[in-house]
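# Coordinate inspection notes
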Amino acid sequence: MKQLTYDVLIIGGGFAGSTAAWHLANKGLKILLIDSKPWNRIGDKPCGDAVSKEHFDNLGMPYPEGEQLEQKIDGIKLYSPDMSTEWTVKGEGFEINAPAYTQRILREARDRGVEVMDLTTAMKPILEDGFVKGAVIFDRRKEEQIEVRAKMVIEATGYSRSFRSKLPQEIPVSEDMDERDADIAYREVAYTREDIDEPGYLKIFINQTTSPGGYWWYFPKGKDKVNIGLGIQGGMGYPSIYTFYEKYWKEYGADVDRNRMIVKGGALVPTRRPLDTLVWNGIIVIGDSGYTANPVHGGGKGSAMISGFCAARATLNSFEKGDFSAQSLWETNLCYNERYGAKQASLELFRRFLQKLSDDDINYGMRKKVIREEDLLEASMTGDLQLSVADKAMRVIAGLGRPSLLYKLKNVAEYMKEIKALYRAYPAGPDQLPKWKGQVKQLILEFDKVIS
Ligand code: FDA
Ligand code: PGT
């Protein structure tokens, strides 16, 4: 078999892998990025395509521009199940053309020295002495297998987890997940019959009947084009996502002209805390493969970028040390958890709570501002659910009805704080991981009992 040698092998060129390549480029390392897709389809996956502007600012990444940018976003409007309450959450963002933006990032990485092979799939890991040392890949263009040896691998295979799932179970990054910790999502992009009223606003419709354990969205891509879709919780035995789409799309997108559809498709999105560790000897896992999406809104592009950035930083430091052990790569976990992972853990609990609410509870909660819109935004930005507000609401509303909802919410906020504290005490190295993992599991078990 043909053999090639690199410093770093990046598997997957979506938002996570391309960001890692972009931050690693031109730093004196020999890097190969491979993706199964042909070049012009890289970055093309079912997605709502909404990304907050802050992520680009925080990571020093270029804004989408020209054909990469379809609509500038000024905020999100959230609708209660009975449509009687509308909350507006302001915040700048972009509705992007994901393939165009991803390919731009990859092109910039390639221009700065990263080698990119499209139509190439990682088939299986090369493992030696408990270290990942590369992969056997298959180049579909030349129809040949190649043994790629690398000092380390960055695994960015998306929800498929197609590389890390082939690692032996005793390697912690091979960890699987519960189907209920993911949403099945489907979207169509199509032209509208009339101009969209407020193309600068993303619309999110919460409704446990039309999208149990998820929501519907209507994300404008310009004045007469829209990305419309829904998510439902996985593992619950619900009818297929298409059944929901066909049954309810008109309620949310009566103006959509499905005869002028541009693209359609579905996929899964993880809605949990990140992998307990994103690294092991010779490997870093990033993006959806590392479960880095936001548990409450399912947005995962921004956090895929954060994980790519953290992976690149840890990789560069490991090359300085010449050490690719789990301990050396560990700073990926510290970097990611500080920037996003702790918030995800806290929002996983919030998500578990929200998915159990009835439409009646949500209507009531939104109408009476049991949680205020600014607190929801705060929770979604930081993972902190303000107890003070819940307390105040408790005093005002307890007399009006549904004290059990308020009581539960107070508990939820306390557990959210507790899990964040656990993440603040994230282990300094792999040795203490099993104990910490046990504490996290225990807390979640307890929490589930409290909200059941
Ligand atoms: P991604 O899946 O993009 O990339 C993985 C890449 O790896 C692919 O290109 C694949 O070909 C390649 N690959 C896999 N296995 C391989 C192998 N063995 N060898 C070589 N290549 C391999 N997020 C958001 O921020 N805003 C939003 O509006 C939405 N909306 C949304 C809607 C729907 C319907 C879904 C399903 C998801 C979303 N998300 C979202 C989530 C978002 O799409 C997701 O979090 C990111 O795109 C994840 O990026 P990754 O790079 O991790 O994976
Ligand atoms: C409840 C379970 C939901 C499961 C998920 C469903 C999955 C569907 C598929 C995915 C569609 C993806 C849509 C992506 C939308 C992107 C939204 C976005 O960009 O949000 C911004 C940025 O957040 P960030 O975390 O990326 O960045 C933070 C910061 O910029 C950088 O650090 C923030 O805006 C919001 O978060 C708005 C809130 C959205 C909330 C969604 C629904 C929640 C339901 C609430 C019900 C409340 C009722 C209470 C009653 C008691």
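### Here we look at the overall build of the protein
Looking only at helices and strands, the protein features twelve helices and 16 strands. For a compact globule of 452 residues, the expected C-alpha radius of gyration is about 22 Å, and the protein comes in at 22 Å, within 12% of that figure. Taking the principal axes of the C-alpha coordinates as reference, the protein spans close to 70 × 55 × 40 Å. Within the protein, the fraction of its 452 residues that count as buried is 59%. Taking the contacts inside the protein whose residues are at least 6 apart along the sequence as the reference set, 72% of them involve residues at least 24 apart. Total accessible area on the protein is roughly 18,800 Å²; 49% of this is exposed by carbon and sulfur atoms. Distance between charge centres in the protein, computed from 62 positive and 63 negative side chains, equals 1 Å.

### Here's the deal with the site of ligand 1
By nearness alone, 32 residues border ligand 1, and Asp35, Gly48, Ala50, Ser162 and Asp288 come closest of all. Contact distances for ligand 1 include 3.0 Å between an oxygen atom and a backbone N or O atom of Phe15. One of the backbone nitrogen or oxygen atoms of Ala50 is found 2.8 Å away from a nitrogen atom of ligand 1. Protein chains bury 92% of the 1,000 Å² of accessible surface belonging to ligand 1 in isolation. Taken together, the elements giving at least two residues each to the shell around ligand 1 come down to α1 (15-24), β7 (120-128) and β12 (216-220). When its residues are assigned to classes, the shell around ligand 1 shows twelve nonpolar, 14 polar and six charged. Formed jointly, the shell around ligand 1 draws a minimum of three residues from each of two domains, domain 1 (2-47 + 100-176 + 275-329) and domain 2 (71-95 + 179-270).

### A look at the site of ligand 2
Near ligand 2, the surroundings consist of 26 residues, among which Glu54, His55, Tyr340, Lys343 and Ser380 are the closest. At 2.8 Å from an oxygen atom of ligand 2 is found a side-chain nitrogen or oxygen belonging to His55. At a separation of 3.3 Å, an oxygen atom of ligand 2 approaches a polar side-chain atom of Asn294. Look at ligand 2: alone it shows 1,300 Å² of surface, and the protein chains cover 93% of it.

### Brief notes about the pairing of strand β13 (residues 225-233)
β13 sits mainly inside the fold: nine of its nine residues count as buried. The alternating pattern of β13 places Lys225, Asn227, Gly229, Gly231 and Gln233 and Val226, Ile228, Leu230 and Ile232 on opposite faces, both of which are buried. Bridging between strand β10 (residues 182-192) and β13 involves nine bridges; their strand directions are antiparallel. Pairing of Glu188 across the sheet is with Ile228, part of β13. Here β12 folds back onto β13 in antiparallel fashion, the turn holding four residues, of which Gly222 has a positive phi close to 105 degrees.

### Examining helix α4 (residues 241-252)
Residue pairs three or four apart in sequence face the same way in an α-helix, which turns once every 3.6 residues. Compared with the 16 Å implied by 1.5 Å per residue over twelve residues, the 15 Å span of α4 between its first and last C-alpha is a close match. What α4 keeps buried is the set Ile241, Phe244, Tyr245, Tyr248, Trp249 and Tyr252. In a view along the axis of α4, the buried residues occupy a sector of 145 degrees, so they form one face of it. Across α4 from its buried face, at more than 90 degrees, point the exposed residues Lys247 and Lys250. Taken together, the buried residues of α4 touch β10, β11 (201-205), β12, β13 and β14 (256-270).

### As for the side chain of Arg164
For Arg164, the position within the fold is in the loop between β9 (144-155) and β10. Of note is the side chain of Arg164, whose polar atom sits 2.8 Å from the backbone oxygen of Ser289. Aside from chain neighbours lying at most four places away, what touches Arg164 is Glu155, Val173, Ser174, Glu175, Leu275, Val285, Ser289 and Tyr291.

Thresholds, definitions, all that
Residues numbered from 1 in each chain as written. Chains lettered and ligands numbered in written order. Predicted model: local features only at pLDDT ≥ 70, side-chain atom pairs only at ≥ 80, totals over all residues. Heavy atoms only, no water. Helix = DSSP H or I, 4+ residues; strand = E, 2+ residues; numbered from the N terminus. Rg over C-alpha atoms; globule rule 2.2 N^0.38 Å. Buried < 20%, exposed > 50% of the residue type's maximum accessible area, 1.4 Å probe, protein only. Contact = heavy atoms within 4.5 Å. Areas by Shrake-Rupley, 256 points an atom, 1.4 Å probe, with all protein chains shown as cover. Lys, Arg positive; Asp, Glu negative; His and termini not counted. Charge placed at Lys NZ, Arg CZ, Asp CG, Glu CD. Near = heavy atom within 4 Å. Polar contact = N/O pair within 3.5 Å; in protein donor to acceptor, adjacent residues only side chain to side chain. Nonpolar A, V, L, I, M, F, W, Y, C, P; charged D, E, K, R; others polar. Domains from an automatic or database assignment. Pairing = 2+ DSSP bridges. Expected span 1.5 Å × (residues − 1). Arc of directions from axis to C-beta.

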